[in-house]
Structure formats: structure tokens, C-alpha cells
Amino acid sequence: MKTFIEGSRAVADAVTVCRPKVISAYPITPQTHIVEELAKIVANGKVKAEFVNVESEFSAASVVLGSCATGARSYTATTAQGLFLMAEVLFNISGMRLPIVMTCANRAVSAPINIWNDQQDSLSMRDSGWIQLYAEDNQEALDMHLQAYKIGENKGVLLPVMVCMDGFILTHSYEPVELISQEDADRFLPSYQPEDYLNPDNPVTMGAMVGPEAYMETRYLMQEAMENSVKVIEDVANEFNNQFGRYYGGLIDTYKLEDAETVIVSLGSVLGTVKDAVDSLREKGEKVGVLKVRSFRPFPKDAICEALKGAKKVHVLEKAVSIGMGGIVSSEIKAAFCGKTGVPEIVGSIIGLGGRDITVETIIGILNGSGDSSYDQFIDIKKELVEDPEPSDEAVAANA
Amino acid sequence: MIKDNLFDCGHTACLGCGEALAAKRVLQVAGKDVITTDATGCLEVFTTRYPETSWGVPFIHSLFENSAAVASGIEAALKALGKADEVKVLAQGGDGGTADIGLQALSGMFERGHDVLYVCYDNEAYMNTGVQRSGLTPFDTATATSPAGKYSWGNEHRKKDIPAIAAAHGIPYVATSSVAFPRDIENKVKKALSITGPKYIQIHVPCPLGWRSKPENTIKIAMLAVKTGLFPIYEIENGDLTGVRKVSEPVPVEEYLKLQGRFAHLFKKDGGKDEIKKIQELADRNIKKFRLN
């Protein structure tokens, strides 16, 4: 039976059936509804967990680090500035191989301050040693949290997992979704049984000082764990499909890709709009398809190259930019093809930063090359705001 | 394997390290059923050089500024796992990790009421990085970042009063102690661990390297800090001052200062006497405030 529910509340429900023992968070828009709902669920005793209200995201991440290290399944959520404040702890969590799950309600990064959606926050944390999964819609977002614990806690992985869902677009929108019962969740996700944790009966030292003689090996082992997760992510998606009958792809997913000459690659909620654009172009007989990047870390190099090998042209649409380089995802796809033959033409497009609307027309415009290409990869740039060093009050007012 | 010695020898602390002596004492009292955290700093570095460890109890070092927050998470996990009655949580940090970069996390831990004992080993500067001043460096101390010079008497600021800040949170137990009085450390740690809620103990621990003192003088110097009134020893329970270590005949601060190279400029430069007078006033104020004599 489907429930018509806000994305954040659907996620909170999914986190609840994962039976976390410790939840810690600091409020930040647009993550708030998730943790407010979890606070309510804990207050009503629906899950037996400690909810720790902290004084900053830095402490939220530190609290779940401590609780996970003590053997308790742990959860937190944040976005943008909060994610950046956590940055030092994020690297520490992955370095200690603690399989925490965190929701990132994707949002633009300040300055200028902007609370609307893009994916600059999580994509900027790509080197932090966290697995990063991107959800397309609310059903996938809620299902992904169960998958995330199962992936992260796999003995061959033991890495934290960031479930990325677009702020507002998913977190604050209502959609009918299948919620997961406690019995079904328990059948899918076993309890957390770490081998090493802080326990007086078997004392371990965690976070030791490691010099040049062994530090590199810790990074090698993390890379190896990430590589192990490639198969685990696929396996867990299939297991989930077997039990629940829902599948969104493992590392990637495809849509009308079989005979596509032009392929649009993207991640997150914009894929719904992309699919609408593809449907309308298909009706006109154009051979267009979609490749969804579901896992950004590990980056599915092989799966992406395999899926795109028949394409002539690939458009990568992304809501983030590495200033001084350009698109992050497009750069990585180009790198994945390096040294291969039959490489399609790959064009990166930066769209939707800071919540700029992305329509079917935007996407069709990019494909037709009708967009203004004078701003490099940036789509829909407003000339009057960038070319006049001091835009007139009228121009500013017109764009407000 | 459970070690009989919960804080093993063989670590790499400097000769005469007050912090190592105090930490060993704290651990012996805390016992084996404890989970410890530590902020980045000397203690973590000299006890956990991979692949060796001095800790016979579960120990975690995460970052410089989050010892209190990590301890909060451990305590929350113990509660959720139904182990809170069996296992105590001991958070540790140096003066920088506690009073400066970690103060926010410490305040959060106090405010939320976690059942954690936080011990600050106060050696009055960032020793692990090479003796730079911290918020707990005393007035007129020469450090690497507050050097004495033609226009400087060293650290311009007074030592931040962290015990008062801790007490202002309304936590049940705040105390100071000194490595010169091991029995006092033992009694206070024992007492703190018998109380539920957040507890704070700040232990004065001389650092021969940073204080430029003789290793064999560590205890003597720590003792003089107390006897001059510069480091008063007291307890605050539920906001009330409940105990002080009396200093019947206070020693002039010169006796304390002259044993340490970090104050040598006060005895060499013109005007040093006036500066020493200011330090004497700080000691006198403590003597009066805490009714030490």
C-alpha cells in the first residue's frame, strides 16, 4: 500500500526501520524535516535509540563516530555548510572504517548564501572516503537507506555511506511511496555486529599515530574496500529487488539506452526531467537515451564505459562545478574513457546551480546545441548579470 | 587481553613528563571497565605509536577538537546498548584541545548532561607542536608564539578560567588537581566516577621541555604552583565550592618562577620585578578568592 508522504518523512521512516541505536544531528535547511521526524519517532518510542542534539555538525559527526566505534548502528544527516563543517570528521570516520550512514540533503554552498538545491556539497566531498549514492526520487531515497547500511557494514567494505538526495526537490516534495515494515527491514538488514569496537572485555586502541611506515597502506586498504563495494552495491540492489520488487540500478541505471546515439548522463532528481525530455525526443524519432549515475563513489568507470560504448555523443548534466576545471562528473567520465578506442564525444553542461530551475526545454536546448555556448559549460547564464561589471538596478530587479 | 597495568610503560613521553604521571594515576583509579577518548596531543602521540599502545583499556583518538563529542557518542551508545551501568566513559585532552579548539564540544557535552568524566591535563601550552601559547598559558609566559623580547614580557593574557566555565554549566562536579598530589588525583577521580552526569577535572602537569625546567623538578614545580596560590586546588559540587587544599604559608611566586626557563626573562630584563609583582597579585587574588590560607 502506498503512502502519500513528504520525502524527508519517508526517509525518517526508512532510517527508523534500520534500527539505529544512536542518531545525532544539528538542524540545517533543507535537512531539518528528516531529523525533526526522527526526533519525534524516538520521543514516541517507535525506535529504541538515543537522539543526541548537538551544538554543531562537527559534533554531530563526532558523536556518531564515537557511537559507531562503540558498536552501535548510527545515523546523521546534514547538507552544504553542515557537511563542510563536518569535513575533518568525515575523513576521520572513513579512515577508522566506521560504516555510518548519513543523508546529505543536497544544497548549494555559500558564498553567496543560498539554501536551494545543487550538488556542490557532496560532490566536493568526493575524496573523503565515503561511498556516495544519489537518489532519483523519494522511493529510491528511502529504499537507499536500507541498502546503504547493508553496503557499508559488509565485512569487505566497512566504509561510511552518504545517501544524497536533492534538497527541497526531494526532501520537501510529497510523493506516494511504499514504506517498509519493520519485519521486512529486519529480514533484509541484519543487526550490526562489528568485529572490533570499544569494549572493555577486549580493549582496542583506535586512531593510533601511524607514521610513514604504514600510513600509505591504510589508504591502499580504503581504495581496495571501495573497489570491493562495486560488487556489493550491485549485489545489494539485486537482493533488494528480490525481496521488495524495486530496482533502480546498482552502480548505474539506463533508460532507452539500447540504440541511443545521444546519451544524457546525470545524477539525482533531475533524471525525471531528463527522462521526460528523452520521451518527447523519442516521439520525434531521435535516438536519445539516459545513463543514471547512482554511485558516484565508487565511481563506476567500467559500467559507464560499457554503457556508453555505442553512443556517438554524450551530454553530462551536473549541478556542481570544480572552479578552475569545469564539470566534476564530466571530467571523471572523460578520464574513465582515457586510453580506450571508440570514445564518444563528451560534452559537460553545468546546470541548476543554487536552485536554478531545469526544465525539459533546458535539456532539449542543450541537446540541440541551441543553448548559448559563450559561457563555456554553464547553461542558462544571464548575460546582463555577468557582462556588465555593475548591472543596472533595473537589470537586477528584473532578475529578482 | 586485559593488561594488569592499564597505562603501560614503554611509551615515548619525555623525561619528567607530568602528563604521563597524571594519566597513569587517573587510569589506575578508573579501572578496566572504562572507555577512554583523547584529543590530539602529546598524550595520544606518546602512547599510541602504531603498532604499539600503552592503553590497557579501550581507547579512541579521533581529532583535536572533538574528544568531548566522541565521548558523548560513546556514552549514548552504551546507553542504547544497555551497557551504561557497567562501563564508564573517560574523555581526555590537553589544555589546547580542551580550552581552545575543543571548548565548544566540551560545552555541548556538559550542557547535554552526558555521564562522562572529562580530564584536562593542563601543561599550559601547545607542547606537542613545539610550545606555542594556548588559552591556558599563564600571564607573562614566554612560548614560541608569545616570546619575550624588547617589547614583550611573553604571553599578554591571563589563564582562561575553564573550571569556572565548566561550573557555569551547572554540572555536578568540577575540580582541579595537581600531579604533585597523586592522592588528591585518586580521590577526585574516584569521587567523580561515583557521580552520574558530566564531570570535569583539570590537572596541572608541568612539562620540562616547554617550561624549560629540569625533569627532576617536575613534582617540585607542580607543588610550588599550588603553594604560591598560582594553581589553586579546589572542588565545586553542584555550583558550590566544597573543598580547597589549604596553603597555610603561601610561598612567594619568585620561588616558582625561577625554576623555569619560560619565566627567565622576568629575572633578566629591567622592569621584571614589576611583572613579578603582577604575577604575585594573581596568586594573592586566588588565595583570597578560594580562602587558601
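All values reported here derive from a predicted model rather than from experimental measurement.

Looking at the overall build of chain A
Next up, step 1: The number of helices and strands found in chain A is 15 helices and 15 strands.
Next up, step 2: In terms of overall size, chain A behaves like a compact globule, its C-alpha atoms giving a radius of gyration of 21 Å where 400 residues would be expected to give roughly 21 Å.
Next up, step 3: For chain A, the spread of C-alpha atoms along the principal axes amounts to about 65 × 55 × 50 Å.
Next up, step 4: Of all intrachain contacts in chain A linking residues separated by at least 6 positions in sequence, the fraction that spans at least 24 positions is 80%.
Next up, step 5: Accessible surface, chain A as shown: approximately 16200 Å² in total, 52% of it carbon and sulfur.

What to know about the interface of chain B and chain A
Next up, step 1: If you look at the interface, chain B gives 41 residues, while chain A gives 40 residues.
Next up, step 2: Taking both partners together, chain B and chain A bury about 3000 Å²; carbon and sulfur atoms supply 63% of that area.
Next up, step 3: Run the count over chain B and chain A and you get 1 salt bridge.
Next up, step 4: Of the charged contacts in the structure, one is a salt bridge between R112 of chain B and E55 of chain A, with a shortest N-O distance of 2.9 Å.
Next up, step 5: The interface formed by chain B and chain A contains 11 residue pairs in polar contact (both at pLDDT 80 or more).
Next up, step 6: Those elements giving two or more residues to the side of chain B that touches chain A turn out to be β1 (34-38), α2 (42-47), β2 (59-61), α3 (67-80) and α5 (103-112) of chain B.
Next up, step 7: With 10 residues, α3 of chain B is the largest single contributor of residues to the side of chain B that touches chain A.
Next up, step 8: Across the side of chain B that touches chain A, the residue classes break down as 22 nonpolar, 11 polar and 8 charged.

Topic: the sheet that holds strand β12 (residues 288-293) of chain A
Residues and elements named next belong to chain A.
Next up, step 1: If you walk across this open sheet you meet the 5 strands as β10-β12-β11-β14-β15, and the pairing is mixed. The sheet terminates laterally at β10 (252-255) and β15 (345-350), the two strands that pair on one side only. Adjacent strand axes in the sheet meet at a mean angle of 20 degrees, parallel and antiparallel pairs treated alike.
Next up, step 2: Alignment of strand β14 (residues 313-318) against β15, held across 6 bridges, turns out to be parallel. For E318, the partnering residue across the bridge sits in β15 and is I350.
Next up, step 3: The sheet contacts of helix α11 (residues 301-308) involve β10, β11 (262-266), β12 and β14, and relative to β12 the element is tilted by about 175 degrees.

Side note on the pairing of β14 of chain A
All names here are of chain A.
Next up, step 1: Extensive coverage of β14 is indicated by the burial of 5 of its 6 residues.
Next up, step 2: Here β11 runs beside β14; their pairing, made up of 4 bridges, is parallel. Looking at β14, one finds that I264 is bridged to H315.
Next up, step 3: Taking the sense of rotation as the criterion, the β-α-β connection linking β14, helix α12 (residues 328-337) and β15 turns out right-handed.

What about the domain arrangement of chain A?
Residues and elements named next belong to chain A.
Next up, step 1: What the domain assignment lists for chain A is domain 1 (2-244) and domain 2 (252-399).
Next up, step 2: Opposite the 27 residues of domain 1 that make contact, domain 2 presents 25 residues.
Next up, step 3: For domain 1, the biggest contributors to the area lost against domain 2 are L123, R126 and E136; these three give 30% of the whole.
Next up, step 4: Between domain 1 and domain 2 we count 5 salt bridges in total.
Next up, step 5: Note that E140 is salt-bridged to K292, the shortest N-O span being 2.7 Å.
Next up, step 6: Between domain 1 and domain 2 we count 18 residue pairs in polar contact (both at pLDDT 80 or more) in total.
Next up, step 7: Secondary structure elements with two or more residues in the side of domain 1 that touches domain 2: α6 (120-124), β6 (131-134), α7 (138-152) and α9 (215-244).
Next up, step 8: The residue makeup of the side of domain 1 that touches domain 2, split by class, is 14 nonpolar, 7 polar and 6 charged.

What to know about unusual backbone geometry
Residues and elements named next belong to chain A.
Next up, step 1: For the peptide bond that leads from S110 to A111, omega is 0 degrees, which places it in the cis range.
Next up, step 2: Residue position: A111 is located in the loop between β5 (101-106) and α6.
Next up, step 3: Looking along the chain, the bond that leaves R297 and enters P298 is cis, with omega of 0 degrees.
Next up, step 4: Inspection of the secondary structure puts P298 in the loop between β13 (295-297) and α11.
Next up, step 5: Even without being a glycine, R19 presents a positive backbone phi close to 55 degrees.
Next up, step 6: Here R19 lies in the loop between α1 (7-17) and β2 (22-25).
Next up, step 7: Here R19 falls in the partly exposed class, since its relative accessible area comes to 42%.
Next up, step 8: Of note, the phi angle at K256 is positive, near 50 degrees, even though the residue is not glycine.

Considerations on the packing of α3 of chain B against α5 of chain B
In helix packing, the relevant descriptors are the interaxial angle and the interaxial distance, both defined with respect to the helix axes.
Residue and element names in this part refer to chain B.
Next up, step 1: At a closest axis distance of 7 Å, the pairing of α3 and α5 adopts a crossing angle of 35 degrees. Here α3 contributes A68, A69 and S72 to the contact with α5, which in turn contributes A105, L106, M109 and R112.
Next up, step 2: Of the residues that constitute the contact of α3 with α5, the class distribution is 5 nonpolar, 1 polar and 1 charged.

Remarks on helix α13 (residues 360-368) of chain A
All names here are of chain A.
Next up, step 1: For α13, the set of buried residues is T362, I363, I364, G365, I366 and L367.
Next up, step 2: Packing partners of the buried residues in α13 comprise β11, α10 (270-283), β12, β14 and β15.
Next up, step 3: Once α13 ends, the next one or two residues include G369, with phi positive near 70 degrees.

What to know about the nonpolar core
Next up, step 1: In terms of nonpolar packing, the biggest core is built from 142 residues, with Y75 and I333 of chain A together with Y200 of chain B touching the most fellow members.
Next up, step 2: Residue contributions to this core peak at 9 residues, all from α3 of chain B.
Next up, step 3: Split by domain, the residues of this core number at least three in each of domain 1 (2-244) and domain 2 (252-399) of chain A.

Side note on a nonpolar patch on the surface
Next up, step 1: Nonpolar side chains collect at one region of the surface, where I381, L385, V386 and V396 of chain A lie side by side and expose about 290 Å² of accessible area between them.
Next up, step 2: Positionally, I381 of chain A belongs in the loop between α13 and α14 (383-386).

Considering the packing of α7 of chain A against α9 of chain A
All names here are of chain A.
Next up, step 1: Remark: α7 packs on α9, axes separated minimally by 10 Å, with the N-to-C direction vectors making an angle of 130 degrees. Taken as axis vectors, α7 and α9 run oblique relative to one another. Between α7 and α9 lies a crossing of right-handed hand. Touching D143, L146, Q147, K150 and I151 of α7 are V232, I233, V236, A237, E239 and F240, all from α9.

Notes on the pattern of salt bridges
Next up, step 1: In the structure shown here, the tally under the stated rule is 37 salt bridges over all chains.
Next up, step 2: Ionic pairing is found between E275 of chain B and K278 of chain B, a salt bridge with its closest N-O pair at 2.9 Å. Of this pair, E275 of chain B and K278 of chain B both sit in helix α12 (residues 272-289), 3 residues apart, which is roughly one turn of that helix.
Next up, step 3: Here K278 of chain B falls in the partly exposed class, since its relative accessible area comes to 39%.
Next up, step 4: Residues participating in the shared-partner salt-bridge network are E136, E140, K275, K292 and R294 of chain A.

Considering the packing of aromatic side chains
Next up, step 1: As enumerated under the stated definition, the model contains 12 aromatic pairs over all chains in all.
Next up, step 2: Taking the centre distance of 5.3 Å and the plane angle of 90 degrees together, the rings of F188 of chain A and F240 of chain A count as edge-to-face. Linking F188 of chain A in helix α8 (residues 182-188) with F240 of chain A in helix α9, this pair joins segments that are 52 residues apart in sequence. Across the pair, exposure class does not vary: F188 of chain A and F240 of chain A are buried alike.
Next up, step 3: When the centroid spacing of 5.1 Å and the interplanar angle of 85 degrees are considered together, the rings of F7 of chain B and W55 of chain B count as edge-to-face.

Rules of the game
- Residues numbered from 1 in each chain as written.
- Chains lettered and ligands numbered in written order.
- Predicted model: local features only at pLDDT ≥ 70, side-chain atom pairs only at ≥ 80, totals over all residues.
- Heavy atoms only, no water.
- Helix = DSSP H or I, 4+ residues; strand = E, 2+ residues; numbered from the N terminus.
- Rg over C-alpha atoms; globule rule 2.2 N^0.38 Å.
- Contact = heavy atoms within 4.5 Å.
- Areas by Shrake-Rupley, 256 points an atom, 1.4 Å probe, with all protein chains shown as cover.
- Buried area = accessible area lost by both parts, 1.4 Å probe.
- Salt bridge = Lys/Arg side-chain N within 4 Å of Asp/Glu carboxyl O.
- Polar contact = N/O pair within 3.5 Å; in protein donor to acceptor, adjacent residues only side chain to side chain.
- Nonpolar A, V, L, I, M, F, W, Y, C, P; charged D, E, K, R; others polar.
- Pairing = 2+ DSSP bridges.
- Axes fitted to C-alpha atoms, helices over the stretch in contact; angles between N-to-C directions.
- Buried < 20%, exposed > 50% of the residue type's maximum accessible area, 1.4 Å probe, protein only.
- Right-handed = clockwise from strand over helix to strand, strands pointing away.
- Domains from an automatic or database assignment.
- Core = buried A, V, L, I, M, F, W, Y, C linked by side-chain atoms within 4.5 Å.
- Patch = residues over 30% accessible without salt bridge, like charges linked within 9 Å, V, L, I, M, F, W, Y side chains within 5 Å.
- Parallel < 35°, antiparallel > 145°, perpendicular 65-115°, else oblique.
- Left-handed = near helix turned anticlockwise from the far one by under 90°.
- Phe/Tyr/Trp six-rings, centres within 6.5 Å; stacked < 30°, edge-to-face > 60°.

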